Amino acid sequence: MTITRSVVLGCGSYLPSQVLTNEDLARKVDTSDEWIVQRTGIHERRIAAPGELTSHMALHAAKSALAHARVDAQSIDLIVLATSTPDNTFPASAVSVQADLGITHGAAFDLQAVCSGFVYALATADGLLKSGAYKRALVIGSETFSRILDWTDRTTCVLFGDGAGAVVMEAQQQPGTRDDRGLLTVHLRSDGRFKSKLYVDGGPSSTGTVGYLRMEGREVFRHAVAMITDVVEDAFRATGYAAADVDWFIPHQANKRIIDGSAHKLGIAPDKIVTTVDRHGNTSAASIPLALSDAVTDRRIKRGDLLLLEAMGGGFTWGAALLRW
Ligand code: ACO
């Protein structure tokens with residue numbers, strides 16, 4: 001007997017060309033390269049050019065994923081775009097990507113779960129592929145957090161960056177064992193009691209404005225490692241895998257101390273961690289597919305490798321997935 005699995009056929013990413021270093025930031029706000037590196041591990045981040053939108057970056061990442069997967073855009077019948085920084089309140093930025101790819105069939109929509117957005121989008125696409133309603137999906141994370149940052153607030157503006165990443169996923173029949181290719185398990189959580197710890201102080205139904213990101217950084221930090229390790233343990237329990245079986249750990253890139261702390265608590269060796277936060281900062285829903293793409297491009301990740309993905313962010317939302325490449 002076989003089962004349907006969502007198998008990743010390829011991945012891609014896009015970064016805007018403008019680099020913003022810690023030294024650049026120290027000229028805008030009262031901060032230093034030393035403080036930022038020591039607390040976060042971030043050295044630089046990318047910033048979208050004026051007029052460069054979330055959907056534009058998503059399109060670049062989507063095209064690069066389609067090329068890597070060697071499939072035609074017309075074979076895509078589902079686009080799930082994870083973002084908290086859409087081009088407009090509506091329509092979904094995903095429909096711009098769909099139109100720019102020349103696709104007029106299937107479905108395209110945005111999904112908002114802040115930094116956990118990509119894991120949520122994977123789970124959503126996986127469910128729709130497994131239902132048999134769709135065959136081949138583009139799952140994208142794309143963010144222009146630079147547009148919702150208060151550039152006078154040193155406690156937040158140093159942490160985030162812009163970028164996009166994407167994967168092509170296809171419904172395939174697999175033997176139905178934990179050795180299968182594709183998404184083996186995915187686990188999502190949220191707890192809205194923490195919604196005021198990390199939020200944007202504007203929105204269509206509250207202020208009628210876009211607003212700026214606000215965060216109690218220490219509070220986020222305090223919960224992050226426990227929440228991440230808890231949901232990863234769920235993924236291990238569901239599959240019977242353990243930390244030692246993981247070939248590559250691809251965490252949401254919020255902060256090097258959170259990444260290293262989670263890996264340490266889980267018992268994942270430092271040389272299995274894929275890290276891009278030093279060069280990308282926190283790109284929210286884009287950070288996992290950007291990191292994935294990095295490690296695929298430089299051939300660290302090989303066919304058959306077991307990947308552990310996890311994220312935690314505003315809401316709080318958090319989640320984890322095990323994926324065989
Ligand atoms: N430069 C220099 N000093 C700073 C800066 C800065 N950029 N930012 C804050 N400080 C100061 C503070 O004012 C404070 O000064 P004080 O002691 O005189 O009051 C001091 O540094 C320590 O501040 P803390 O906030 O306690 O610093 P902490 O060690 O907690 O580090 C940080 C702050 C990096 C934000 C950390 O708490 C963190 O990483 N939290 C998690 C944030 C995160 O990952 N958020 C993203 C979640 S994902 C999503 O959904 C978007």
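Counting from 1, residues in each chain are numbered in the order their sequence is written. Only residues with pLDDT of at least 70 get local features here, since the model is predicted, and only at 80 or more are side-chain atom pairs given and counted; chain-wide, interface and lining totals rely on the full set of residues. The basis for the side-chain values is all heavy atoms of the structure; hydrogens and waters are excluded.

Now for the pairing of strand S12 (residues 306-313). Counting buried residues in S12 gives 8 out of 8 residues, a clear majority hidden from the surface. Residues of S12 alternate between two faces, with Leu306, Leu308, Glu310 and Met312 on one and Leu307, Leu309, Ala311 and Gly313 on the opposite face, all of them buried. Where strand S11 (residues 248-251) meets S12, 4 bridges bridge the pair, whose relative direction is parallel. Within S12, the position partnered with Phe249 by the bridge is Leu308. Two strands qualify as a pair provided that DSSP identifies no fewer than 2 bridges between them. Think of it this way: any DSSP run of H or I at least four residues long counts as a helix, any run of E at least two long counts as a strand, and we number them from the N terminus. Note: S12 against strand S13 (residues 317-324), 8 bridges, orientation antiparallel. Looking across to S13, one finds that Leu309 is bridged to Ala321. If you look at the hairpin formed by S12 and S13, you'll find 3 residues sitting between the two strands, and Gly315 has a positive phi there, around 140°. For every residue, the accessible area obtained with a 1.4 Å probe (protein chains only) is divided by the maximum for its type, and the residue is called buried under 20%, exposed over 50%, and partly exposed between those limits.

What follows covers the packing of aromatic side chains. A pair of Phe, Tyr and Trp rings is counted when the ring centres sit within 6.5 Å of each other, with Trp represented by its six-membered ring. The angle between the planes then sorts it: under 30 degrees is stacked, over 60 is edge-to-face, the rest tilted. Tallying each qualifying case throughout the model produces 2 aromatic pairs. A centroid spacing of 4.8 Å and a plane angle of 10° characterise the contact between Phe194 and Phe316, whose relative ring orientation is stacked. Highlighted residues: Phe194 in the loop between strand S8 (182-190) and strand S9 (198-200) and Phe316 in the loop between S12 and S13, separated in sequence by 122 residues. Comparing Phe194 with Phe316 shows no difference in burial state: the two are buried. Lying over the aromatic face of Tyr241, Arg178 brings its terminal NZ or CZ to 4.0 Å of the ring centre. Any Lys NZ or Arg CZ that is within 6 Å of a ring centre and within 35 degrees of that ring's normal is treated as a charge sitting over the ring.

Mapped onto the elements, Thr144 comes out in strand S6 (residues 136-144). Within polar-contact distance, the side chain of Thr144 engages the side chain of Thr54 at 2.9 Å. Discounting residues that sit within four places of it in the chain, Thr144 has contacts with Ala48, Glu52, Leu53, Thr54, Met57, Thr85 and Asp162. Between N or O atoms, a polar contact is any pair within 3.5 Å; within protein, one atom must be a potential hydrogen donor and the other a potential acceptor, and residues adjacent in sequence are included only when both atoms are from side chains. Only heavy atoms enter the contact rule, under which two residues are in contact if any of them lie within 4.5 Å.

This next bit is on unusual backbone geometry. Each neighbour pair has its own omega, and for Phe90 with Pro91 the value is 0°, a cis peptide bond. Mapped onto the secondary structure, Pro91 falls in the loop between strand S4 (78-82) and helix H4 (93-100). Here the amide bond leading from Gly315 into Phe316 is cis, since omega sits at -10°, within 30 degrees of zero. Here the phi dihedral of Arg70 falls at roughly 55°; this positive angle occurs in a residue that is not glycine. You can see Arg70 is positioned in the loop between helix H3 (54-69) and S4. Of the residues examined, Arg70 reaches a relative accessible area of 78% and is grouped as exposed. Although it is not a glycine, Ser284 sits at a positive phi angle of roughly 50°. Classification of Ser284 as buried rests on a relative accessible area of 1%.

So, about the pattern of salt bridges. A pairing counts as a salt bridge when a side-chain nitrogen of Lys or Arg comes within 4 Å of a carboxyl oxygen of Asp or Glu. Per the counting criterion, the structure on display carries 18 salt bridges. Residue Arg214 is joined to Asp150 by a salt bridge in which the shortest nitrogen-to-oxygen separation is 3.0 Å. Of the two residues, Arg214 sits in strand S10 (residues 213-215) while Asp150 sits in the loop between S6 and helix H6 (154-157), which places them 64 residues apart along the sequence. Taking relative accessible area as the criterion, Arg214 reaches 22% and is therefore assigned partly exposed.

Spatially, S1-S7-S6-S4-S5 is the arrangement adopted by the 5 strands of the open sheet, whose pairing is mixed. With one partner strand each, in any of the chains shown, strand S1 (3-14) and strand S5 (107-111) form the two edges of the open sheet. For this sheet, the mean inter-axis angle between neighbouring strands, taken without regard to orientation, is 20°. Relative to strand S7 (residues 162-174), S6 runs antiparallel, the two being bridged by 9 bridges. Each bridged residue has a counterpart across the sheet, and for Ser142 the counterpart in S7 is Ala164. Lines fitted to C-alpha atoms define the axes, with helix axes restricted to the stretch in contact, and inter-axis angles between N-to-C directions lie between 0 and 180 degrees.

This part takes up the nonpolar core. By nonpolar core is meant a set of buried Ala, Val, Leu, Ile, Met, Phe, Trp, Tyr and Cys residues that side-chain atoms within 4.5 Å join together. Among the nonpolar cores identified, the biggest contains 46 residues, and Val232, Phe236, Ile268, Leu308, Met312, Phe316 and Leu322 are the most heavily contacted of them. Elements with a minimum of two residues in this core: helix H7 (217-239), helix H8 (256-266), S12 and S13. By residue number, the principal contributor to this core is H7, which donates 9 residues. If we ignore the near neighbours within four places in the chain, the residues touching Leu322 are Gly182, Leu183, Leu184, Thr185, Ala235, Phe236, Thr239, Tyr241, Val246, Leu306, Leu307 and Leu308. If you look at the next biggest cluster of nonpolar residues, it comprises 36 residues, including Leu78, Val80, Phe118 and Ala311.

Taken together, 27 residues are adjacent to the ligand, and Thr31, Arg39, Cys115, Arg218 and Asn255 come closest. Asn255 places a side-chain nitrogen or oxygen 2.5 Å from an oxygen atom of the ligand. Interatomic distance of 2.8 Å between a backbone N/O atom of Gly314 and an oxygen atom of the ligand. Calculation on the ligand without its partners gives an accessible area of 1000 Å², and the protein chains cover 77% of this total. At the level of elements, helix H2 (33-40), H6, H7, H8 and S12 are the ones that each hand at least two residues to the shell around the ligand. If one sorts the elements of the shell around the ligand by residue count, H7 sits on top with 4 residues. The residue makeup of the shell around the ligand, split by class, is 13 nonpolar, 9 polar and 5 charged. Mapping the shell around the ligand onto the domain boundaries places at least three of its residues in each of domain 1 (3-174) and domain 2 (182-324). Only heavy atoms are used to decide nearness, and a residue is near a molecule or strand if one of them lies within 4 Å of it. Working definition of accessibility: Shrake-Rupley area with a 1.4 Å probe, residue cover restricted to the visible protein chains. Amino acids outside the nonpolar list (Ala, Val, Leu, Ile, Met, Phe, Trp, Tyr, Cys, Pro) and the charged list (Asp, Glu, Lys, Arg) are all regarded as polar, and Gly is one of them. The source of the domain bounds is an automatic or database domain assignment.

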